[in-house]
Amino acid sequence: MQLGMVGLGKMGNYMTQRLIKGSHQVVAFDRDSQAVAKTVADGATGANSLADMAAKLTESPKVAWVMVPAGPPTDDTIHALADALGRGGIIIDGGNTNYKDGLRLYDDCKAKGVSLIDAGTSGGVWGLTEGYCLMVGGDDAAVRHCEPIFITLAPPKGYAHVGPPGAGHFSKMVHNGIEYGLLQAYGEGFEILKDSQYDFDLGQLAELWTHASVVRSWLLELLVAAFREDPGLKDIRGYVDDTGEGRWTVQAAIDENVPAPVITLSLFARMASRQDESFSAKVVAALRNQFGGHAVQSEAHA
(Lines give C-alpha, C1' and ligand atoms only; values in the text may rest on other atoms or scores of the structure.)
Protein backbone atom coordinates (compact mmCIF):
# COMPACT_ATOMS: atom_id res chain seq x y z
CA MET A 1 0.00 0.00 0.00
CA GLN A 2 0.98 3.65 -0.19
CA LEU A 3 2.02 5.78 2.77
CA GLY A 4 3.98 8.85 3.69
CA MET A 5 6.98 8.76 6.04
CA VAL A 6 7.78 11.89 8.00
CA GLY A 7 11.19 11.90 9.70
CA LEU A 8 14.12 10.08 8.09
CA GLY A 9 16.51 9.74 11.00
CA LYS A 10 18.03 6.46 12.18
CA MET A 11 14.67 4.76 12.61
CA GLY A 12 12.63 6.44 9.89
CA ASN A 13 15.24 5.79 7.22
CA TYR A 14 15.55 2.07 7.99
CA MET A 15 11.78 1.67 8.32
CA THR A 16 11.36 3.27 4.91
CA GLN A 17 13.86 0.85 3.40
CA ARG A 18 12.07 -2.14 4.93
CA LEU A 19 8.71 -0.90 3.65
CA ILE A 20 10.08 -0.43 0.14
CA LYS A 21 11.56 -3.95 0.21
CA GLY A 22 8.08 -5.11 1.24
CA SER A 23 6.65 -3.59 -1.97
CA HIS A 24 4.99 -0.58 -0.32
CA GLN A 25 5.07 2.82 -2.03
CA VAL A 26 6.62 5.41 0.29
CA VAL A 27 6.47 9.18 -0.11
CA ALA A 28 9.19 10.51 2.18
CA PHE A 29 9.69 13.91 3.81
CA ASP A 30 12.31 15.30 6.17
CA ARG A 31 13.47 18.85 6.86
CA ASP A 32 16.92 17.63 5.76
CA SER A 33 16.83 17.54 1.96
CA GLN A 34 19.88 15.24 1.89
CA ALA A 35 18.00 12.66 3.96
CA VAL A 36 15.16 12.84 1.46
CA ALA A 37 17.58 12.43 -1.45
CA LYS A 38 19.11 9.34 0.16
CA THR A 39 15.67 7.80 0.61
CA VAL A 40 14.75 8.59 -2.99
CA ALA A 41 17.87 6.69 -4.05
CA ASP A 42 16.50 3.72 -2.10
CA GLY A 43 13.25 3.83 -4.07
CA ALA A 44 11.00 6.30 -2.25
CA THR A 45 9.24 9.30 -3.76
CA GLY A 46 10.59 12.50 -2.29
CA ALA A 47 8.56 15.40 -0.96
CA ASN A 48 9.69 18.93 -0.08
CA SER A 49 6.97 19.66 2.50
CA LEU A 50 4.14 18.01 4.39
CA ALA A 51 1.69 19.52 1.93
CA ASP A 52 3.70 18.18 -1.01
CA MET A 53 3.80 14.73 0.59
CA ALA A 54 0.05 14.74 1.18
CA ALA A 55 -0.55 15.79 -2.43
CA LYS A 56 1.57 12.88 -3.69
CA LEU A 57 -0.45 10.38 -1.67
CA THR A 58 -3.10 9.27 -4.13
CA GLU A 59 -4.64 6.30 -2.33
CA SER A 60 -7.65 6.85 -0.08
CA PRO A 61 -7.54 7.06 2.85
CA LYS A 62 -4.22 8.85 2.90
CA VAL A 63 -1.84 7.32 5.46
CA ALA A 64 1.31 8.85 6.95
CA TRP A 65 3.77 7.58 9.57
CA VAL A 66 5.49 10.13 11.83
CA MET A 67 8.95 9.40 13.28
CA VAL A 68 10.10 12.66 14.87
CA PRO A 69 11.24 13.51 18.43
CA ALA A 70 8.58 13.53 21.14
CA GLY A 71 7.16 16.79 22.43
CA PRO A 72 6.66 19.97 20.36
CA PRO A 73 8.17 18.47 17.15
CA THR A 74 5.59 15.66 17.21
CA ASP A 75 2.75 18.00 18.21
CA ASP A 76 3.52 20.48 15.44
CA THR A 77 4.00 17.76 12.82
CA ILE A 78 0.79 15.90 13.62
CA HIS A 79 -1.31 19.06 13.69
CA ALA A 80 0.08 20.22 10.34
CA LEU A 81 -0.19 16.76 8.84
CA ALA A 82 -3.82 16.37 9.91
CA ASP A 83 -4.62 19.56 8.00
CA ALA A 84 -2.64 18.40 4.98
CA LEU A 85 -4.20 14.92 4.79
CA GLY A 86 -7.74 16.15 5.34
CA ARG A 87 -10.80 14.28 6.58
CA GLY A 88 -10.50 10.52 6.42
CA GLY A 89 -6.71 10.56 6.69
CA ILE A 90 -4.78 8.27 9.04
CA ILE A 91 -1.66 9.28 10.96
CA ILE A 92 0.58 6.74 12.70
CA ASP A 93 2.77 8.16 15.47
CA GLY A 94 5.69 5.77 15.88
CA GLY A 95 7.79 7.98 18.12
CA ASN A 96 8.24 7.81 21.89
CA THR A 97 5.35 10.16 22.63
CA ASN A 98 4.05 10.38 26.19
CA TYR A 99 0.75 8.52 26.11
CA LYS A 100 -1.04 11.48 27.72
CA ASP A 101 0.14 13.71 24.89
CA GLY A 102 -0.91 10.99 22.46
CA LEU A 103 -4.46 10.97 23.83
CA ARG A 104 -4.64 14.75 23.48
CA LEU A 105 -3.38 14.54 19.90
CA TYR A 106 -5.89 11.76 19.18
CA ASP A 107 -8.72 14.08 20.22
CA ASP A 108 -7.26 16.96 18.18
CA CYS A 109 -7.07 14.75 15.08
CA LYS A 110 -10.53 13.29 15.62
CA ALA A 111 -11.99 16.80 15.66
CA LYS A 112 -10.53 17.22 12.15
CA GLY A 113 -11.88 13.89 10.93
CA VAL A 114 -8.43 12.26 11.02
CA SER A 115 -7.58 8.98 12.76
CA LEU A 116 -4.45 8.84 14.93
CA ILE A 117 -2.80 5.50 15.68
CA ASP A 118 -0.08 5.24 18.35
CA ALA A 119 2.51 2.64 17.42
CA GLY A 120 5.11 1.89 20.08
CA THR A 121 8.14 0.90 18.00
CA SER A 122 11.13 -1.10 19.27
CA GLY A 123 14.04 -2.46 17.29
CA GLY A 124 16.53 0.36 16.97
CA VAL A 125 19.09 0.30 14.17
CA TRP A 126 18.67 -3.48 13.84
CA GLY A 127 15.07 -3.16 12.72
CA LEU A 128 15.92 -3.06 9.02
CA THR A 129 17.12 -6.66 9.07
CA GLU A 130 15.48 -8.08 12.21
CA GLY A 131 12.15 -6.23 12.04
CA TYR A 132 10.44 -3.97 14.56
CA CYS A 133 8.35 -4.96 17.55
CA LEU A 134 5.14 -2.95 17.20
CA MET A 135 2.72 -2.23 20.05
CA VAL A 136 -0.22 -0.58 18.31
CA GLY A 137 -3.03 1.37 19.94
CA GLY A 138 -5.98 2.89 18.12
CA ASP A 139 -9.45 2.49 16.71
CA ASP A 140 -10.14 -0.91 15.16
CA ALA A 141 -10.99 0.26 11.63
CA ALA A 142 -7.91 2.46 11.25
CA VAL A 143 -5.59 -0.22 12.64
CA ARG A 144 -7.06 -2.89 10.36
CA HIS A 145 -6.54 -0.67 7.33
CA CYS A 146 -2.87 -0.15 8.22
CA GLU A 147 -2.09 -3.77 9.10
CA PRO A 148 -0.17 -4.44 5.86
CA ILE A 149 2.30 -1.77 7.00
CA PHE A 150 2.66 -3.26 10.48
CA ILE A 151 3.04 -6.80 9.16
CA THR A 152 5.84 -5.71 6.82
CA LEU A 153 7.74 -3.82 9.49
CA ALA A 154 7.45 -6.52 12.18
CA PRO A 155 8.96 -10.00 12.27
CA PRO A 156 6.55 -12.94 12.67
CA LYS A 157 4.51 -12.44 15.88
CA GLY A 158 6.18 -9.05 16.34
CA TYR A 159 3.06 -6.94 15.87
CA ALA A 160 -0.08 -6.71 18.00
CA HIS A 161 -3.04 -4.37 18.33
CA VAL A 162 -2.71 -3.99 22.08
CA GLY A 163 -5.68 -1.76 22.83
CA PRO A 164 -7.53 1.52 22.23
CA PRO A 165 -5.88 4.93 21.62
CA GLY A 166 -2.96 5.46 24.00
CA ALA A 167 -2.33 1.76 24.65
CA GLY A 168 0.53 1.58 22.16
CA HIS A 169 2.47 4.46 23.67
CA PHE A 170 1.72 3.32 27.22
CA SER A 171 3.01 -0.21 26.59
CA LYS A 172 6.13 1.13 24.84
CA MET A 173 6.72 3.45 27.81
CA VAL A 174 6.70 0.51 30.21
CA HIS A 175 8.80 -1.54 27.75
CA ASN A 176 11.47 1.15 27.91
CA GLY A 177 11.19 1.38 31.69
CA ILE A 178 11.93 -2.35 31.88
CA GLU A 179 14.83 -1.78 29.51
CA TYR A 180 16.29 0.72 32.00
CA GLY A 181 16.30 -1.94 34.71
CA LEU A 182 17.81 -4.65 32.50
CA LEU A 183 20.62 -2.41 31.30
CA GLN A 184 21.42 -1.31 34.83
CA ALA A 185 21.56 -4.90 36.11
CA TYR A 186 24.03 -5.88 33.39
CA GLY A 187 26.08 -2.75 34.03
CA GLU A 188 26.32 -3.33 37.78
CA GLY A 189 27.07 -7.02 37.39
CA PHE A 190 29.95 -6.45 35.03
CA GLU A 191 31.37 -3.72 37.26
CA ILE A 192 31.39 -6.18 40.18
CA LEU A 193 33.22 -8.68 37.96
CA LYS A 194 35.71 -6.03 36.78
CA ASP A 195 36.58 -4.88 40.31
CA SER A 196 36.87 -8.37 41.84
CA GLN A 197 40.09 -10.12 42.81
CA TYR A 198 39.80 -12.19 39.63
CA ASP A 199 41.15 -11.07 36.29
CA PHE A 200 38.02 -11.95 34.36
CA ASP A 201 37.85 -11.71 30.60
CA LEU A 202 34.56 -9.82 30.55
CA GLY A 203 33.98 -10.49 26.86
CA GLN A 204 34.50 -14.21 27.47
CA LEU A 205 31.95 -14.23 30.30
CA ALA A 206 29.43 -12.23 28.29
CA GLU A 207 29.80 -14.70 25.42
CA LEU A 208 29.58 -17.67 27.80
CA TRP A 209 26.34 -16.40 29.30
CA THR A 210 24.66 -16.25 25.90
CA HIS A 211 24.67 -20.07 25.84
CA ALA A 212 21.97 -21.76 27.98
CA SER A 213 22.33 -19.24 30.83
CA VAL A 214 19.15 -17.93 32.49
CA VAL A 215 20.45 -14.37 31.95
CA ARG A 216 21.03 -14.82 28.21
CA SER A 217 19.36 -12.21 26.03
CA TRP A 218 19.74 -10.16 22.89
CA LEU A 219 21.13 -7.37 25.06
CA LEU A 220 23.85 -9.70 26.30
CA GLU A 221 24.70 -10.62 22.69
CA LEU A 222 25.08 -6.92 21.97
CA LEU A 223 27.38 -6.57 24.98
CA VAL A 224 29.56 -9.32 23.52
CA ALA A 225 29.83 -7.20 20.36
CA ALA A 226 30.64 -4.09 22.41
CA PHE A 227 33.46 -5.89 24.27
CA ARG A 228 34.87 -7.16 20.97
CA GLU A 229 35.03 -3.61 19.65
CA ASP A 230 36.48 -2.16 22.86
CA PRO A 231 37.39 -4.85 25.45
CA GLY A 232 37.74 -2.44 28.38
CA LEU A 233 35.21 0.09 27.11
CA LYS A 234 38.06 2.58 27.37
CA ASP A 235 36.78 4.69 24.47
CA ILE A 236 33.32 5.19 25.94
CA ARG A 237 32.47 7.71 28.60
CA GLY A 238 30.01 6.42 31.19
CA TYR A 239 27.49 9.17 30.50
CA VAL A 240 24.00 7.73 30.04
CA ASP A 241 21.21 9.95 28.79
CA ASP A 242 17.47 9.30 28.99
CA THR A 243 14.75 10.30 26.57
CA GLY A 244 11.82 10.42 28.98
CA GLU A 245 10.22 6.98 28.96
CA GLY A 246 11.82 5.86 32.21
CA ARG A 247 10.63 8.99 33.99
CA TRP A 248 7.11 8.51 32.64
CA THR A 249 7.10 4.86 33.72
CA VAL A 250 8.13 5.84 37.25
CA GLN A 251 5.41 8.49 37.31
CA ALA A 252 2.83 5.94 36.14
CA ALA A 253 3.95 3.59 38.92
CA ILE A 254 3.47 6.38 41.44
CA ASP A 255 0.04 7.23 40.01
CA GLU A 256 -1.02 3.57 40.21
CA ASN A 257 0.55 2.93 43.64
CA VAL A 258 2.72 0.21 42.11
CA PRO A 259 6.15 -0.26 43.77
CA ALA A 260 8.81 -0.10 41.07
CA PRO A 261 12.14 0.27 42.89
CA VAL A 262 14.33 -1.32 40.21
CA ILE A 263 13.11 0.89 37.38
CA THR A 264 13.15 3.96 39.62
CA LEU A 265 16.70 3.38 40.82
CA SER A 266 17.89 2.61 37.29
CA LEU A 267 16.60 6.04 36.26
CA PHE A 268 18.48 7.65 39.15
CA ALA A 269 21.61 5.72 38.18
CA ARG A 270 21.46 7.31 34.74
CA MET A 271 21.29 10.71 36.38
CA ALA A 272 24.28 9.82 38.55
CA SER A 273 26.23 8.78 35.45
CA ARG A 274 26.22 12.39 34.29
CA GLN A 275 28.13 13.46 37.39
CA ASP A 276 30.61 10.67 38.19
CA GLU A 277 32.31 8.12 35.95
CA SER A 278 31.46 4.45 36.48
CA PHE A 279 32.12 1.26 34.55
CA SER A 280 28.49 0.15 34.84
CA ALA A 281 27.47 3.36 33.08
CA LYS A 282 29.98 2.56 30.33
CA VAL A 283 28.30 -0.83 29.83
CA VAL A 284 24.87 0.81 29.55
CA ALA A 285 26.17 3.47 27.14
CA ALA A 286 27.82 0.78 25.00
CA LEU A 287 24.64 -1.32 24.91
CA ARG A 288 22.46 1.64 23.91
CA ASN A 289 24.88 2.35 21.08
CA GLN A 290 24.75 -1.29 19.98
CA PHE A 291 20.98 -1.75 19.87
CA GLY A 292 19.76 1.74 19.07
CA GLY A 293 22.66 3.57 17.49
CA HIS A 294 22.53 6.11 20.32
CA ALA A 295 25.59 8.35 20.35
CA VAL A 296 28.35 7.69 22.89
CA GLN A 297 30.74 10.24 24.31
CA SER A 298 34.42 9.53 23.86
CA GLU A 299 36.79 9.72 26.83
CA ALA A 300 38.94 11.97 24.69
CA HIS A 301 36.19 14.59 24.78
CA ALA A 302 35.20 14.20 28.44
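Computed from a predicted model, the values in this text were never measured in an experiment. Counting starts from 1 at the beginning of each chain's written sequence and moves along it residue by residue. Thresholds applied to this predicted model are a pLDDT of at least 70 for local features of residues and 80 or more for the giving and counting of side-chain atom pairs; totals over whole chains, interfaces and linings are not thresholded and use all residues. Here the side-chain values reflect all heavy atoms present in the structure, with hydrogen atoms and water set aside.

Here a Phe, Tyr or Trp ring, Trp counted by its six-membered ring, pairs with any other such ring whose centre lies within 6.5 Å, and the pair is stacked when the planes are under 30 degrees apart, edge-to-face when over 60, and tilted otherwise. A full pass over the atoms with the stated rule returns seven aromatic pairs. Taking 4.8 Å as the distance between ring centres and 85° as the angle between the ring planes, the aromatic pair formed by tyrosine 99 and phenylalanine 170 counts as edge-to-face. Highlighted residues: tyrosine 99 in helix α5 (residues 99–111) and phenylalanine 170 in helix α8 (residues 167–194), separated in sequence by 71 residues. Summary of the burial criterion: residues with accessible area below 20% of their type's maximum are buried, those above 50% are exposed, and those between are partly exposed, where the area comes from a 1.4 Å probe applied to protein chains only. The exposure class of phenylalanine 170 is partly exposed, given its relative accessible area of 25%. What counts as a helix is a DSSP run of H or I of at least four residues, what counts as a strand is a run of E of at least two, and both are numbered from the N terminus.

The next thing to look at is the pattern of salt bridges. In the sections that follow, a salt bridge refers to a side-chain nitrogen of Lys or Arg positioned within 4 Å of a carboxyl oxygen of Asp or Glu. Scanning the entire structure with this criterion turns up 10 salt bridges. Where lysine 38 meets aspartate 42, a salt bridge forms, and the shortest distance between an N and an O atom there is 3.8 Å. What makes aspartate 42 partly exposed here is its relative accessible area of 33%. A salt bridge links arginine 104 to aspartate 75; the nearest nitrogen and oxygen atoms lie 2.9 Å apart. On the criterion of sequence distance, the pair formed by arginine 104 in helix α5 and aspartate 75 in helix α4 (residues 72–85) is long-range, its members being 29 residues apart. A network of salt bridges, in which partner residues are shared, links Asp75, Asp101 and Arg104.

Between serine 60 and the following residue, proline 61, the backbone shows a cis peptide bond with an omega angle of 0°. Here proline 61 lies in the loop between α3 (50–56) and β4 (63–66). Non-glycine residue alanine 212 carries a positive phi angle of around 70°. With respect to the secondary-structure elements, alanine 212 resides in the loop between α9 (202–208) and α10 (218–229). Taking the relative accessible area as the measure of exposure, alanine 212 reaches 70% and is therefore exposed.

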